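Read off the chains here:
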Amino acid sequence: MSSLSRELVFLILQFLEEEKFKEAVHRLEQESGFFFNMKYFEEKALLGEWDEVEKYLSGFTKVDDNRYSMKIFFEVRKQKYLEALDKQDRAKAVEILVKDLKVFSTFNEELYKEITHLLTLDNFRENEQLSKYGDTKSARSIMLVELKKLIEANPLFREKLVFPTLKASRLRTLINQSLNWQHQLCKNPRPNPDIKTLFMDHSCSPPNGARASTPVTLPVAALTKPLTYAPLGAHGGPFPPAAAAAAANANALAGWMSNANPSLSMQSAPVAASPMPVQLGQVSSLKHPRTPSTGLGMIDYQSSDHEQLMKRLRTAQSVDEVSYPPQHASWSLDDLPRSVACSLRQGSTVMSMDFHPSHHTLLAVGCNNGEVTLWEVGLRERLVSKPFKVWDTATCSVPFQGAIAKDPSMSITRVSWSPDGNLIGVAFKKHLVHLYAYHGSNDLRQHLEIDAHSGGVNDLAFSHPNKQLCVVTCGDDKLIKVWDLNGRKLFHFEGHEAPVYSVCPHQKENIQFIFSTAVDGKIKAWLYDNVGSRVDYDAPGQYCTTMLYSDDGNRLFSCGTSKDGDSFLVEWNESEGAIKRTYSGFRKKSTGIAQFDTTRNHFLAVGEDSQIKFWDMDNTNVLTSTDADGGLPSIPRLRFNKEGNLLVVTTADNGFKVLANADGLRSLRAIESRSYEASRTPIEMKVSTSAMVPNINSAINKVDRMDASSPARPTQILNGVDPLARSVEKRRLLDDASDKSKRWELAEIVDPVHCRVATMPDSKDPANKVARLLYTNSGAGILALGSNGVQKLWKWRSNDENPSGKATASVVPQHWQPNSGLLMTNDVPENCEEAVPCIALSKNDSYVMSACGGKVSLFNMMTFKVMTTFMSPPPASTFLAFHPLDNNIIAIGTQDSSIHIYNVRVDEVKSKLKGHQKHITGLAFSVNLKIMVSSGADAQLCFWNMDTWDKRKSLTIQLPAGKAPIGDTQVQFYSDQTRLLVCHESQLALYDAAKAECIRQWMPQDVLPAPITCAAYSPNSQLVYAGFTDGNIGVFDADSLKLRCRIAMSVYMAQASPSSQTVYPLALTAHLQEPYQFAVGLSDGSVKVIEPSDAEGKWGVTVPVGNGAQNGWTATSSSNNPAS
């Protein structure tokens, strides 16, 4: 159904609601499936009208659509079952068990057994998990809370939960406007027309006066229920085409075209003959291209107002998207598939991979030897392999036969499933395209061979022009071609001046087009009309680029690499044909072309630098990255499955790894379980309609077995609690971890040969301990503030040893000072023993702000001159932080426990925040959450609103038993701006700042028993570095806070300190671009930069699941914390 038809349904819904046709409103909601009325759904659920609840739900989803839908139906049927038991209506309960709940036994046998067992109890509340079940009304309310969460998270309900904003009586208004227009077309309009029907056009009676200007107003009585409605027309819109005002065909690239090179407007690219009919007199026009009205081309979309349609299309969003904003679920890093589930060996280099569109663990793999393989990754099983061979040499071109005779090797460039999953398209490095028909299991049959291009076929994709499945290919011959499934060439697009590297077919409403990119970096767009390219733009890097849309088709991205090895990942603004945002985080020059994929309309992933890097689509900074436990090539290829819970990535040893999130792991285990149970004879469960307990008990033992951790597994029968799932999951995770933990060992680095260490010149001064340490934002310098208030700066320069000019432990930097010889010296009072040095650096590295017991000084980083001073003590400043959105606003933590929000420009304290009991030791901002988090020497955290500076919440960190709430507490946000790293001498902790809850905690023990002095997270949020008072440095996984590497003091201190005192880190900072580089400021005044050696490459390996107990790790919640 088109967008205009969809909008008409909303207008009718509004009209029915206004006219009080309540039953009709909800029937139309259900039958159209356009708007889910949550209020109506809640009313029916609270009344216990379960048949109506399920009937209404059925208009939007079915039980087996996805795991959210299954849980929704399960919760409803479970509640109905419990209510029957509560009424002692066992016959009804058995009927519900057999008819409604039996379907779930396939997915969770144990749960079904437990539900069945409730029949044996006099009161089901005797079951421990249901002991808190209250009365029916409260139970329904609790269930509704859960159902609302499931519905909002279910992608099938996305964009269906909010009714569009409409003016009152919008349909009546449109009809009045139409009648006014009809009245004005009358030859002799009457001053007061009498409108008696809507079933035919209005026309006034024979001449009876001059043209009147009186508008027509439709009486309310005229809008009675019509018996029938007129058809919506051939074009799917409510307005029939008017021949006199027929508009040219619009297209979804209107914005790109209107900004394209004007010189292209009169070009007509050379077009090869097509078997499809084309209208005579057809002209090429960038803004108003026309397409054939017949054949496999664009459908004419005519309207009485072409300009309005063009304006709508220029928004680059469908009407649906504009009118009905999507309901975004909350996201976390746990949604990303980053845990290695298995490694599979292909045997030859993997060139391309693609998951089946509906069988989410079925993977097609293409290799450099021409072999195509189907894998069931859930079973780790190779289902079928098809080595390359020419199917019919006689039909192949002479150039191909010559090329294959000269060099018989044949590499695959692309494998792709058709949208329906019935075909696999394979593109080869020489001329050919193969289509395989997939008939299930290991049945893969030859379907079609096409000698498609002269030279290599570089890309292949499926499209649906005019609802006919076709194959789009591109190649070294600079052409794009479209083929039907019989091998007939339908379209032949010519216009690129270099080999075409990739194609990206897409559709906006009924407008279908193809983006193509060439190896000269040119991007072009084509309609299925043989008129030529509509767009000519340059891709970033001007070399090989791939384009992809998000899953919902609303956002366009491209990723590529320049000839110089610089990689680019960008989002495009379709309405402007311009780059909307450029994503950062590519580490160094690549040796190949970066590959990428999108998932869940929210995440991007790129294979680069032997890692997988992830981005949030709305944030240009790297969200996180993983090396998948190592073994990846420099430019790994990767692919998400359609659900986004699995990710495959190629390995350097001719194989690939399967990464999964929690849902993906459960899905893989469910497949393993089904495979095992398939070998057993299934026993059909039968339950007597009698309520007799013996019959029920006998049935319990005959339920078909299914993995309790199936991805479609319903929620446990507890209201809001899932203890069975937790126990099953814990048991399985520990089982899975057993093998990995045998191989995994904590990396303990005690020998300097395993590291690179650079000592900053002129840094050692036992009387001047390093109090604060920062990398410059450019990554080319380090700034240290000593306990005596003097700041030192070290810079790396670009030279032959260090071409990038970035900080590195391979080269000793220069202790930098201006020619004047000035030092950056702070105002230090005479009695400075209690002074707390503090420092903050501006985003552009142009000035630094610091204090050491006296006034706050603002230094010019080039001249070291003091630009200004402010905030004279008391109270003395103890922590400084620039506002992330305005460098003129500074948050200043003080000795008297208050926080001053200070405006440098007007020299004024705008707000003074009170909430701590001791001096402030940390400040961190989250722009996404619009909060500032402060920490103090009272071991307390406070959460402040960045707009109003009101305190949202405060809490004391979870301290070991008997530990007094004192000690410096440091805070730092991860790159996702949601998770907060908290460092205290007694622990490292990870908080969800949105909820102000502690979710992870690590306490010193075993190989790292000493108190913690400092900590920082790596730029990709993958690692946390921490220093200890015994001189050790720990490297932790940032997500789990599990220790993966210990670096002994002997690594960075070649000789023991002559004094009896241990030298240890007082300050620590991580490089802003290099995830494995960090710097420490030591108690003897020296500053060291530390990196793993080239042989090591990184700090240990990811800790496998199940090593938490041995690792000092605990999962926790702050629900018991004192909070205000």
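Here, every reference points to the structure presented above.
All figures in this text were calculated on a predicted structure; none of them were measured in a lab.

Participant: Describe the pattern of salt bridges, listing the residues and the values that go with them.
Facilitator: All chains considered together, the criterion is met by 37 salt bridges. Note that Glu42 and Lys148 form a salt bridge whose closest N and O atoms lie 3.3 Å from each other. Here Lys148 lies in helix 8 (residues 136-153) and Glu42 lies in helix 3 (residues 38-46), a separation of 106 residues in the sequence. Residue Lys148 is classed as partly exposed on the basis of its relative accessible area of 31%. If you follow the salt bridges from partner to partner, you end up with Asp354, Asp597, Arg639 and Lys642 in one network.

Participant: So what's going on with the packing of aromatic side chains? Residues and values would help.
Facilitator: Under the defined criterion, the tally for this structure stands at 30 aromatic pairs. Here the aromatic rings of Tyr56 and Phe60 are separated by 5.5 Å at their centres, their planes lie at 55°, and the arrangement is tilted. You'll find Tyr56 and Phe60 in the same group, each marked buried. Where Phe60 meets Phe157, the ring centres are 6.0 Å apart and the plane angle is 20°; that geometry is what we call stacked. Residue Phe60 is located in the loop between helix 4 (50-58) and helix 5 (67-86), and its partner Phe157 is located in the loop between helix 8 and helix 9 (170-185); the two are separated by 97 residues in the primary sequence. Phe60 gets classed as buried once you look at its relative accessible area, which sits at 7%. Cluster of aromatic residues (ring-pair linked, three or more members): Phe36, Tyr40, Phe41, Tyr56, Phe60 and Phe157. It is Arg6 that lies over the ring of Phe34; its NZ or CZ is 4.8 Å from the centre.

Participant: Any details on the sheet that holds strand 3 (residues 362-367)? Residues and values, ideally.
Facilitator: The strands making up a sheet associate through hydrogen bonds between their backbones, and the pairing can be parallel or antiparallel. One open sheet holds the 4 strands; their spatial order is 2-3-4-5, and the pairing between them is antiparallel. Edge positions in the sheet fall to strand 2 (350-355) and strand 5 (381-386), since each has one partner strand and no second. The mean inter-strand angle of the sheet, taken between neighbouring strand axes irrespective of direction, is 20°. Two elements, strand 4 (residues 372-376) and strand 5, share 5 bridges in a ladder whose sense is antiparallel. Each residue of the ladder has a partner; that of Thr373, found in strand 5, is Ser385.

Participant: Can you lay out the environment of Ser1086 for me, pointing to particular residues and giving the numbers?
Facilitator: Along the chain, Ser1086 falls in the loop between strand 57 (1078-1082) and strand 58 (1087-1092). For the pair Ser1086 and Asp765, spaced 321 residues apart in sequence, the C-alpha to C-alpha distance is 6.7 Å. Apart from the residues lying within four places of it in its own chain, the contact partners of Ser1086 are Ser763, Lys764, Val770, Val1080 and Gly1081. For Ser1086, the side chain forms a polar contact with the side chain of Asp1084, separated by 2.7 Å.

Participant: Give a description of the side chain of Arg979 that names residues and reports values.
Facilitator: Tracing the backbone shows Arg979 in strand 49 (residues 979-984). A distance of 2.7 Å separates the side chain of Arg979 from the side chain of Asp1039, its partner in a polar contact. Ignoring any residue separated from it by four or fewer positions in sequence, one finds Arg979 in contact with Leu333, Gln972, Phe973, Tyr974, Leu990, Tyr991, Ser1021, Ala1038 and Asp1039.

Participant: Tell me about the nonpolar core, residues and numbers included.
Facilitator: Among the nonpolar cores identified, the biggest contains 43 residues, and Phe36, Phe41, Leu57, Tyr81 and Leu101 are the most heavily contacted of them. Listing elements by their share of this core, those giving two or more residues are helix 3, helix 4, helix 5, helix 6 (90-101), helix 7 (109-117) and helix 8. Element by element, the count of residues in this core is highest for helix 5, at 9 residues. Sequence-distant contacts of Leu101, that is, excluding residues within four places in its chain, are made with Phe74, Arg77, Lys78, Tyr81, Ile96, Tyr112 and Ile115.

Participant: Which residues make up the packing of helix 1 (residues 3-18) against helix 9, and what values do they have?
Facilitator: Orientation of helix 1 relative to helix 9, taken along the N-to-C sense of each, is 110°, at an axis distance of 8 Å. Compared by their axis directions, helix 1 and helix 9 come out roughly perpendicular. Residues Leu8, Leu11, Gln14 and Phe15 of helix 1 touch helix 9, and the partners they reach there are Arg170, Leu171 and Leu174. Of the residues in the contact of helix 1 with helix 9, the class split is 5 nonpolar, 1 polar and 1 charged.

Participant: Can you explain the sheet that holds strand 18 (residues 544-549)? Please cite residues and give values.
Facilitator: Judged by pairing direction, the sheet is antiparallel, and its 4 strands sit side by side in the order 18-19-20-21 without closing on themselves. In the strand order of this sheet, the two ends are held by strand 18 and strand 21 (578-583), each with one partner. Neighbour-to-neighbour, the strand axes of this sheet turn through a mean angle of 30°, independent of strand direction. Looking at chain direction, strand 19 (residues 556-561) and strand 20 (residues 567-573) are connected through 6 bridges and run antiparallel. Residue pairing across strands places Thr561 opposite Ser567, the latter belonging to strand 20.

Participant: Which residues make up helix 3, and what values do they have?
Facilitator: Those residues of helix 3 that fall on the buried side of the exposure criterion are Met38, Tyr40, Phe41, Lys44 and Ala45. The buried side chains of helix 3 occupy one side of the element, clustering within an arc of 160° when seen end-on. Here the buried face of helix 3 lies against helix 2 (22-32), helix 4 and helix 8. If you check the start of helix 3, you find a side-chain oxygen 3.2 Å away from the backbone N of Lys39, and it comes from Asn37. Looking one or two residues past helix 3, Gly48 carries a phi angle of roughly 75°, positive in sign.

Definitions and limits used
- Residues numbered from 1 in each chain as written.
- Predicted model: local features only at pLDDT ≥ 70, side-chain atom pairs only at ≥ 80, totals over all residues.
- Heavy atoms only, no water.
- Salt bridge = Lys/Arg side-chain N within 4 Å of Asp/Glu carboxyl O.
- Helix = DSSP H or I, 4+ residues; strand = E, 2+ residues; numbered from the N terminus.
- Buried < 20%, exposed > 50% of the residue type's maximum accessible area, 1.4 Å probe, protein only.
- Phe/Tyr/Trp six-rings, centres within 6.5 Å; stacked < 30°, edge-to-face > 60°.
- Lys NZ or Arg CZ within 6 Å of the ring centre and 35° of its normal.
- Pairing = 2+ DSSP bridges.
- Axes fitted to C-alpha atoms, helices over the stretch in contact; angles between N-to-C directions.
- Contact = heavy atoms within 4.5 Å.
- Polar contact = N/O pair within 3.5 Å; in protein donor to acceptor, adjacent residues only side chain to side chain.
- Core = buried A, V, L, I, M, F, W, Y, C linked by side-chain atoms within 4.5 Å.
- Parallel < 35°, antiparallel > 145°, perpendicular 65-115°, else oblique.
- Nonpolar A, V, L, I, M, F, W, Y, C, P; charged D, E, K, R; others polar.
- Arc of directions from axis to C-beta.

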